Structures are given as C-alpha cells and as structure tokens.
Amino acid sequence: MLFTELPLLERPAAARAAGFDTVEFWWPFAEPVPPAAEVADFETAIRDAGVRLGALNFAAGTMPEGERGLLSLPDRGADFRANVEVVAGIGQRLGCRLFNALYGNRSASYRPEEQDKEAQRNLLEAARAVAPFGGTILLEPLSGAPGYPLRTAADVFAVLDRVHRAGAPNAALLADFYHLAVNGDDVGALAAADAGRFGHVQIADAPGRGAPGTGTLPLADWVRVSRSGGYRGEVALEYFAPAESAFDWLDSPGPDSSAARPAECYDLVIRGNAVLTPEGITPAEVGVRDGVIAAVVPLGTGLAGERLLELAGDETLLPGLVDTHVHVNEPGRTEWEGFASATRAAAAGGVTTLIDMPLNSIPPTVTVDALEAKQACAAPQAAVDVGFWGGAVPGNEADLRPLHDAGVFGFKCFLVHSGVNEFPHLEPAEMETVLAELKTFDALLLVHAEDPAAILPVPAGLQYAGFLASRPPSAENSAVGQVIEAGRRTGARAHILHLSSAEALPLIRAAKDDGVRLTAETCPHYLTLTAEEIPDGATAFKCCPPIRGDANREQLWAGLADGTIDCIVSDHSPSTLDLKDLGRGDFSVAWGGVSSLQLGLPLIWTEARARGIPLERVLHWMSAAPAELAGLDRKGGIVPGKDADFAVFAAGDTFTVDPAALQHRNPVTPYAGKQLTGVVRRTLLAGVDVDPGAPAGRLLRRGEAQG
C-alpha cells in the first residue's frame, strides 16, 4: 500500500532506500497462477533490492470490485488450491514464512456452513503446503467489507480453533490493529490476553487508515503490550501515505515513533569482548529487534538501541542452551516437578528452550487431548520457551500423525519398562511398525534403548554395584542394535536417548557411516560421575541406564569428540524425596532419575575445561546440536534471524552446589557439595531478562519454531 506511485517491481528497492530491510505484498499478480516469467521477475526484484519478503497474501480475487478472498468460496476453491502451490514456491525460494489468506465474502449461493467447510479444507491444504519450510497461514478480520464474516479477533479464533483441532497448528491471527479497532475490538485488552496467538501485526491509524499520528489510535502502546504478552514478530506498516511524507512520523519525538522503526534502530544492543558466534568467541555487538537477533557486528561499530547491555570483562555472551530431554511431569505428578519450577531451574542454568518428555505426567502425551492438557498447564507458568515430544506406546499408532500435526517435535518410546505403568514399552516389532509410520511424515523417534532380556533383578540393599550389575552394557548394546536395524529397514529417523554404554559407540558409528538416519545423545551424569565414586546408599545417583565406570566415561568423551555422539542434554528426571528412598538408601526400590537441569552447563564446562575442550564445543553440544535435532531453526546460535535468547556466562567463576539453592521442586542432587566452574549470571529470552515472577516463555510447536 506504500510506494504505489512506483511500478510494483520498483517498490522493494524504494523500501530499501527508505531504510527498511523487510517488505510484504498483497498478491502481486492478476491471476492465481501467473506466468512463470512474472513470478521470476517479482522474485528478482526482491533479491536485487536486498530486502526480505516478510509476508505475502494469497490471491484474493478482484479487490477493486469488492472481492475479499477465495478461501471459503466452493466455486473458487480450485483457484485457491492452485494458488497455494505458487505461493508456497515463492515462500520457499525467498525465505518468506507468513501467508495471509483472506476468508472471502459470504455468498448467497451457499449456506454459511458450506463456506466454512470449504474454508477449513483449503486452510488445511495451505497450512500443510507451507509447514515443511516453517510457514504459517494468517487469517485476519477486515473492516469496510459488509459481506466479510470475520470482523473480530474472536471470529478468527473460532476458525483457528477448528483448524488446529483438524491438524494444522501453523495457522494464526493476523492482528491488523486498524481493522480490529474500527470493528470495535478492544485492541489493548486483546493484546494483553492473546498476543501469544498473534502470527503477525499490521498497523495504521484511524480514522483514515493513515500513518501513525494522523489519527487517534495508541498504536505504540498496543505494540508494547503485544511484546509484553509474547508477540515476537515484526510490525508491518499497512497504511496509505504519499512517498514523500510516508515516514515523517518515524523522525518525530511523538509517542508512536517506536511502533515501527528503520532497520538501523534496535530494542537492545549487547556489547562485549567475548561473544560466542559461529566464527568463535570474538569482540562483538549484537543488535536485537522484536525479540530476534538483527545484527552481529564487530565491537566498536556503535550500534544504537533503546537499551544497552555492556558485558563485564570476565563475561561471555552465549546462545541460550537448548535441552531436549526434560521430564516436567505436570499435570498429574506436579509434586515431582512442574512447569513453574522446571522452567525457573532452566533459566537459572542458561537454558532458554526445553522440550518436555511425554511421561511422567498423567495423562502421558500420547493423544492430542493429552497434549492440549499439558499445554494448558504450561502456558501461564513457563519462564522459558517450551516444546513437547509425543509418546509412542502400544495401541496409539493412529494418534501419531494427529500429534505430529498438532505440533509435537517427535515421539519417544521405551524398549524396556518405563517405570510408570501408564506409559508401556514397545516390543522391537512394534517399534519397527512405529518407525515405518513415522517415515511417512518424516518424524523422529526417540528410543530409550535397553533390552529387557538382558536386565536382571536389582538386589535389595545399599550397594550400588548390585544395581549396576543388573543393567549391564549388553542391555544397551543389544537394544541399540535393534534400533539400528529397524532404522535401516524403514529408512526412518531414530535417536538414541541418554547413551551410557561406550561399548555401543562402534555400532552407532558404523550405522551412521552406512547411511542409517541415526543420532545419539548423552547426559552430564554419564560424563561427570563414575561408578567408583558412588557411596553406599547414595540413591541420588540412581538412573537408568546407570552411571558406569571411569574408563567408560572417558570413551563417551571420545565419542563426543569424534561426532559419534551428537549432543548433551540433561535427562532431568526428578521425583519426590521419598521416592528416592534417601532415608534407607535401598537401590532396589529408589526411583531412577537425576535432577540436573540447572547445573548442566557448569557440570560439562568443569570437565571440558580440564580436558582442554573449548567453550565453543560445549555450546555446540548443548545448544546448536539439540536445536538441530528438534528442528528448532531459530534457536542455538548468535546469528541474525535467530531468537535473541542468551546466557551471560562467567567461565572462570566457581561455586559449590547447594541443593537448597536449586530451583527445581525437590532439593535432591548427586552433585551436592561438588565444586563447579562457570556461573550463569543472567539469562535473556527474546532479548528480555527472564523474570520467573512474570513468565514470558512461549509454547513451541513444530513448524512454528522454525525460521
């Protein structure tokens, strides 16, 4: 709607000259399927201008004649579906992730329920077309169109709820503040309550649909409330104004001058002599805009921002850690751990993203209903970003695709008893059936790989040696082999959880060399503790698979170094104090699980530093690699375009572990009294300091969490 004095293909360059690095377009062609040459010319104009295409509308019919979209019109459905392929192609080639589908006017030729059914069909097709590259479909209310049925945010949310239940989580509200306000929505209240559901924001003033400051709308206030409420995207200018005065308001000191800004302005600038970038630890400045890293430049460049964070001389700016193996246990076993306490512990340890395991909550995450129950618990409590794994158990094969479509990042199964009866294990043949099903939509299966045939009863008593002997390396080795062969036959992706047996490393290495789609993780307790040091009755050390001997530990470090093991995650598996049987110290009855979510970085850094392993490698294993495993494209690095999630780390500081000072719910840890090196002094999520008293974590869904 801006630069309309110019031919369409000249507008991207004009936007770049005006200081903007992102543009968006209504459908720029005359028909839903334009000639390939016209599409190529449009894409060339975007690239040559040096701007990014931030959002694109689907074909909407003849707008000057009053049409407002094709989505809900049965006689135009074929046109819309043909347009989907063109739009998705443009989006994938140009890196565009937002696609606005106008709903269409009500037609006297159809009943409203017929149009709504057609709209849902087309929305699902569009959402699935853009999901593979992280796309989101937007729906917006409109004003000034009497036949258009979506007028308020509530109207859109009703449609979105149906679409989400039908299996398309990557659809969201386009919050056009002008349309919402003109139609009577309380935009401030909406932003405060539902900003986390905004997929995109557009602004214009009213009356007149002009630039901010030409009317009466408090646009900057609404943007600020949206940011506080969890909206992290861009703010688009969708108003009418002549080119010569279109951006005068940005230079004024008025209250709305911060609602949108030219590319060189930042919300936050971080400066320090040690910033961990993909090129190594270097002096740098980091510019953050709208919760996203917008610039990483050499120290001394002089980036300007509304807020400035100067690192101390002994501090290193790290990307926030990503922990893809956390048992939060809520709902159902919140006395073991809950989202409030777990995410506080995560933030205290520099973890800004965690993915919750499908057990030990009640119900476990093996259906969409159970996932939604867990999300409802997490949403108001999460201090960091939280995603979810689904569960694969006997009899829920039909639930796997719906869970995938609802946004889980993959699926976990056990080959041995899980420890809780409501999450039964799979037999090897059942695991292979699940892998074959997951291959049809390229989902990941996480496997707790222990063979029950090789596991012995645990003798009662205080001796750790008895427990260790009950779960020999052969139990892991056998099960890892079963996973490899099933992965080889199905071609599906599989991941070995919490590897403790170094004897399995050659199997994993050979499988990877053969092209099996296999990854593996290990955990801090296997890399920092040894069987030889575990005292009698010290059930805080009990976990499954078990902590093994010192020689085994060193081989695991070697497996990390050569790439056989891909990442380090916590397997934070807490329980109540009584379940750990701390009073009696009987390894035969104590719960098997280690709580270490808050301590992972200093634990690994203490050991790595002693081995001469640089901090960069540690962060690869604990941030970039877990993010890659889960497909979290926007996490795991200090790189423009990624989320502005950071940990400020004093690598030389030391401290002694005090269980009472830990943030997770139950003060039990095998690391009590241990001196560690490395202190997380500050954690930022989306460019803002984490405040456990005002949880601002976002619930992540597969696809939405990609770039």
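Structure: see above.
Here the structure is a predicted model, which means the values were calculated and not measured.

Participant: How should I be thinking about the pairing of strand E19 (residues 493–496) in this particular structure?
Facilitator: The side chains of a regular strand alternate, first on one face of the sheet and then on the other. With four bridges joining them, strand E18 (residues 444–448) and E19 adopt parallel strand pairing. Bridge pairing in E19 places Leu-445 opposite Ala-494. As defined by bridge partners, E19 adjoins strand E20 (residues 518–522) across three bridges and the pair is classed as parallel. Within E20, the residue paired with Ile-496 across the bridge is Ala-520. At this point the chain moves from E19, through helix H15 (residues 505–513), to the parallel E20, and the crossover so formed is right-handed.

Participant: I'm lost on the sheet that holds strand E14 (residues 351–356) in this one. Help?
Facilitator: Within a beta sheet, neighbouring strands are joined by backbone hydrogen bonds and run either parallel or antiparallel to one another. Strand order in the open sheet formed by three strands is E13-E14-E15, with parallel pairing between adjacent strands. Pairing within the sheet leaves two strands with one partner each, and these edge strands are strand E13 (321–326) and strand E15 (385–388). Within this sheet the neighbouring strands show an average axis-to-axis angle of 20 degrees, counted without direction. Pairing between E14 and E15: four bridges, direction parallel. Bridge pairing in E15 links Leu-354 to Val-386.

Participant: Honestly, the pattern of salt bridges in this entry has me stumped. Any pointers?
Facilitator: In a structure, side chains of opposite charge can pair up when their charged atoms sit close to one another. Tallying each qualifying case throughout the model produces 42 salt bridges. Here Glu-607 ties to Arg-611 by a salt bridge, and the two come within 2.5 Å at their closest N and O atoms. On the basis of relative accessible area, Arg-611 is assigned to the partly exposed category, the value being 28%. Linked through salt bridges whose partners overlap, the residues forming this network are Asp-385, Arg-634, Lys-635, Asp-643, Asp-645 and Arg-698.

Participant: How should I be thinking about the packing of helix H7 (residues 187–194) against helix H8 (residues 219–228) in this particular structure?
Facilitator: The N-to-C vectors of H7 and H8 enclose an angle of 15 degrees; their axes lie 7 Å apart at closest approach. As far as their axial angle goes, H8 and H7 are roughly parallel. Considering only the axes of H7 and H8, their crossing is right-handed. Along the contact surface, H7 presents Val-187, Gly-188, Ala-191 and Ala-192, while H8 presents Trp-222, Val-225 and Ser-226. Looking at the contact of H7 with H8 residue by residue, the class counts come to five nonpolar, two polar and no charged.

Cut-off values and rules
- Residues numbered from 1 in each chain as written.
- Predicted model: local features only at pLDDT ≥ 70, side-chain atom pairs only at ≥ 80, totals over all residues.
- Heavy atoms only, no water.
- Pairing = 2+ DSSP bridges.
- Helix = DSSP H or I, 4+ residues; strand = E, 2+ residues; numbered from the N terminus.
- Right-handed = clockwise from strand over helix to strand, strands pointing away.
- Axes fitted to C-alpha atoms, helices over the stretch in contact; angles between N-to-C directions.
- Salt bridge = Lys/Arg side-chain N within 4 Å of Asp/Glu carboxyl O.
- Buried < 20%, exposed > 50% of the residue type's maximum accessible area, 1.4 Å probe, protein only.
- Parallel < 35°, antiparallel > 145°, perpendicular 65-115°, else oblique.
- Left-handed = near helix turned anticlockwise from the far one by under 90°.
- Contact = heavy atoms within 4.5 Å.
- Nonpolar A, V, L, I, M, F, W, Y, C, P; charged D, E, K, R; others polar.

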